[in-house]
Amino acid sequence: MSEEIKKDQEVENAVENQTAEQPVEELTSKKEKKRRHGKNDENEEKLQELGEKLAAANDKYVRIYSEYENYRKRTNLEKADLLINGAKDTIKAILPVVDDMERALSALSDDDKSKEGVQLIYNKLINILTQKGLKPIEAKGQKFDENLHEAITQFPAQDDSQKGMVVDVVEKGYFLNDKVLRYAKVVVAI
């Protein structure tokens with residue numbers, strides 16, 4: 001019996017303790033929930049703020065990287081263009097000498113011994129300029145093209161097939177690496 005009495009007392013004590021502690025636990029858990037909920041809101045705000053900062057930093061990084069890539073490509077193109085067309089001014093300055101040599105060759109008679117030497121020098125000069133990308137613009141007998149030719153004068157056409165055609169070349173035009181270096185000065189039939 002004493003054991004049964006002990007068990008009953010333990011049960012009664014447990015019930016009394018439980019009812020007394022339950023409201024305290026409920027209050028404590030409500031406060032804890034509010035505190036946790038407040039922290040959750042605070043944490044969510046911080047998380048959202050950090051997410052926005054990350055997105056802004058990522059956007060800034062992508063923009064800077066894109067600007068750098070564009071700068072790198074642009075400078076590479078400029079370097080390549082400089083290498084290809086770097087001698088443009090020098091070659092353009094030499095063209096009047098080439099014109100003078102062509103006039104001298106046409107003025108010399110075939111019997112003249114100096115013509116052969118001038119021809120050799122002229123051929124060397126033209127070969128060097130050709131290696132650097134210089135090409136003459138074909139003009140005589142071609143249809144007039146304002147992108148390649150500069151009309152100095154007009155000449156009446158002898159027939160309709162000559163209208164708009166280049167009749168004579170006053171000064172040769174040249175390409176340097178497929179860009180017009182000097183326009184051909186021509187006479188056009190109208």
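Structure: see above.
Residues numbered from 1 in each chain as written. Predicted model: local features only at pLDDT ≥ 70, side-chain atom pairs only at ≥ 80, totals over all residues. Heavy atoms only, no water.

1. Examining the packing of aromatic side chains
Considering all chains together, one arrives at one aromatic pair under this definition. With a centroid separation of 6.1 Å and an interplanar angle of 25°, the aromatic rings of Tyr 61 and Tyr 65 are classed as stacked. Remark: Tyr 65 and Tyr 61 occur in helix α1 (residues 2-85); sequence separation between them is four residues, near one turn of the helix. With a relative accessible area of 51%, Tyr 61 lands in the exposed category. (Phe/Tyr/Trp six-rings, centres within 6.5 Å; stacked < 30°, edge-to-face > 60°. Helix = DSSP H or I, 4+ residues; strand = E, 2+ residues; numbered from the N terminus. Buried < 20%, exposed > 50% of the residue type's maximum accessible area, 1.4 Å probe, protein only.)

2. Structural notes on helix α2 (residues 88-107)
When the terminal C-alpha atoms of α2 are compared, their 29 Å separation across 20 residues agrees well with the 28 Å that a helix rising 1.5 Å per residue should span. Of all the bends found along α2, the most pronounced is centred on Leu 95 and spans about 30°, while Pro 96, a proline, follows it within four residues. Of all the residues in α2, the buried ones are Ile 91, Leu 95, Val 98, Asp 99, Met 101 and Leu 105. Packing partners of the buried residues in α2 comprise α3 (114-131), β1 (134-137), β3 (166-171), β4 (173-176) and β5 (179-182). (Expected span 1.5 Å × (residues − 1). Bend = angle between axes of the 7 residues up to and from the residue. Contact = heavy atoms within 4.5 Å.)

3. A short note on the nonpolar core
By size, the foremost hydrophobic cluster in this structure holds twelve residues: Ile 91, Leu 95, Val 98, Met 101, Leu 105, Tyr 122, Leu 125, Leu 129, Leu 134, Tyr 174, Leu 176 and Leu 181. The greatest single-element share of this core, amounting to five residues, is contributed by α2. The next biggest cluster of nonpolar side chains, apart from the first, holds five residues, and it includes Ala 139, Val 166, Val 186 and Val 188. (Core = buried A, V, L, I, M, F, W, Y, C linked by side-chain atoms within 4.5 Å.)

4. Here's the deal with the sheet that holds strand β6 (residues 184-189)
The strand order across the open sheet formed by three strands is β2-β6-β3, and the pairing between neighbours is mixed. The sheet is open, and its two borders are formed by β2 (149-155) and β3, each paired with just one other strand. With strand direction ignored, the average angle separating the axes of adjacent strands in the sheet is 30°. (Pairing = 2+ DSSP bridges. Axes fitted to C-alpha atoms, helices over the stretch in contact; angles between N-to-C directions.)

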